[in-house]
Amino acid sequence: MGNKNGGKTTIILRCLEREETPKPTLALEYTFGRRARRHNTPKDIAHFWELGGGTSLLELIRIPITSHNIRSFAVVLVLDLSKPNELWTTMENLLQVTRNHVNKILAKLEKTNPEVAAEPKQKMRNNLQRDHPDYELVDPFPIPLVIIGSKYDIFHEFDSEMRKIISKTLRFVSHYYGASLVFTSKSEALLLKARVLINHLAFGYDKSKSVSVDPSKPLFIPAGLDSLSQIGPPPASDSDIGKMRANTPLELWKKVFEKTFPPKSSCDLQDSKDPAQDIQYAEYEVDVMRAQKNQELEQYKRNASKSWKEMDFDSD
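The shown structure was predicted, so the numbers you read here are calculated from the model rather than taken from an experiment.

## Topic: the packing of helix 2 (residues 84-112) against helix 5 (residues 160-176)
For step 1, the next point in the chain: Between helix 2 and helix 5, the least distance of the axes is 12 Å, while the angle of their chain directions is 10°. The pairing of helix 2 with helix 5 is recorded here as roughly parallel in orientation. Contacts from Pro84, Leu87, Trp88 and Met91 of helix 2 reach helix 5 at Ile166, Thr169, Leu170 and Val173.
For step 2, the next point in the chain: By residue class, the composition of the contact of helix 2 with helix 5 is seven nonpolar, one polar and no charged.

Set out below in structure tokens:
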């Protein structure tokens, strides 16, 4: 899930080593991949669901996440680094709806199978060692989460101060949610890093231990390998921070971030294009019949409107 035109399909195709040209995703699309962990062992199957349309189809999130697969489910959030004014709204809306749905499933499971219900949360807690200084300060997402910052090539051209604010903010959010963070572009080397994180979740491959936190380079931070002391405070002056009213650390970072990058309203992020008009889904017989039905509907509306005007209403 993530920004519209943010590169989600490209990332999935690279993970599955498919040489296809990415097409725009309509609503919710499904594909799968097979991998063997070792030579001469049966292949595991991973199911990939992709939510199209940015934040315009939030209600579809509940379709792929069920009580049957919750123990092995993971979320990959792709955020377009070249559109910082859409970044926080996109992230907040998608993660909020996902979290609420997951928590509902876990609450139901708790009544019937408390051990299974406790497993995902425990797994997320285990990303941080108990002796990690931030163990009590973070609020892990209920299921594994990878945050991918896409279009790093465009982001790299930004002013260094802007890059610093975006990078620090995403480091904080990822660490707070117990997520992994990686910046990618169309470069094969960077896509490979994203593939490492996704293949770990999808096929159980070894977790990467390498870390890159240098703000002048693409970030790569697997879950649990960052810390609040390394990230530092929100990038604002003490007097500015003092004036901001916030109930949680996340809220404070949001206010600092949105001071520099005022958010686009959710309406601006809605997908207004009618997929029925998209030529990639053209079907001659269906389209001809639809055009005919549209004409009939218009004719019906005109007739109804005419007869409505001609009706003689009783003044009593």
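## Structural notes on the packing of aromatic side chains
For step 1, the next point in the chain: Going through the model one piece at a time under the given rule, you end up with 13 aromatic pairs.
For step 2, the next point in the chain: Consider the rings of Phe141 and Tyr177, whose centres lie 5.9 Å apart with planes at 70°: the pair is edge-to-face. Taken together, the positions of Phe141 in the loop between helix 3 (114-125) and strand 4 (145-150) and Tyr177 in the loop between helix 5 and strand 5 (180-183) put the pair 36 residues apart, joining distant regions of the chain. We note that Phe141, like Tyr177, is buried.
For step 3, the next point in the chain: Note on Phe155 and Phe183: the rings are 5.6 Å apart at their centroids and 80° apart in plane angle, and the pair reads as edge-to-face. Linking Phe155 in helix 4 (residues 152-155) with Phe183 in strand 5, this pair joins segments that are 28 residues apart in sequence.
For step 4, the next point in the chain: Accessibility expressed as a relative area gives 0% for Phe155, which makes it buried.
For step 5, the next point in the chain: Grouping aromatic residues by their ring pairs yields a cluster made of Phe141, Phe172, Tyr176, Tyr177 and Trp253.

Each value, and the rule that gives it
Sequence positions are assigned chain by chain, starting from 1 and proceeding in written order. Local features in a predicted model are, by the rule used here, given only for residues with pLDDT of at least 70; side-chain atom pairs are given and counted only at 80 or more, and totals for whole chains, interfaces and linings are based on all residues. The side-chain values count all of the structure's non-hydrogen atoms but skip hydrogen atoms and water molecules. Angles shown run from 0 to 180 degrees and are taken between the N-to-C directions of axes, each axis being a line fitted to C-alpha atoms and, for helices, limited to the stretch in contact. Only runs of H or I of at least four residues qualify as helices and only runs of E of at least two qualify as strands under DSSP, and these elements are numbered from the N terminus. Here the angle decides the label: under 35 degrees means roughly parallel, over 145 means roughly antiparallel, 65 to 115 means roughly perpendicular, and every other value means oblique. It only takes one pair of heavy atoms within 4.5 Å for two residues to be counted as in contact. Residues are grouped as follows: Ala, Val, Leu, Ile, Met, Phe, Trp, Tyr, Cys and Pro are nonpolar; Asp, Glu, Lys and Arg are charged; every other residue, Gly included, is polar. Centre distance within 6.5 Å is the pairing criterion for rings of Phe, Tyr and Trp, where only the six-membered ring of Trp is used; planes under 30 degrees apart are then read as stacked, over 60 as edge-to-face, and the remainder as tilted. Throughout this description, buried means an accessible area under 20% of the type-specific maximum (1.4 Å probe, protein chains only), exposed means over 50%, and partly exposed covers the range between.

This is a description of form; function is not addressed.
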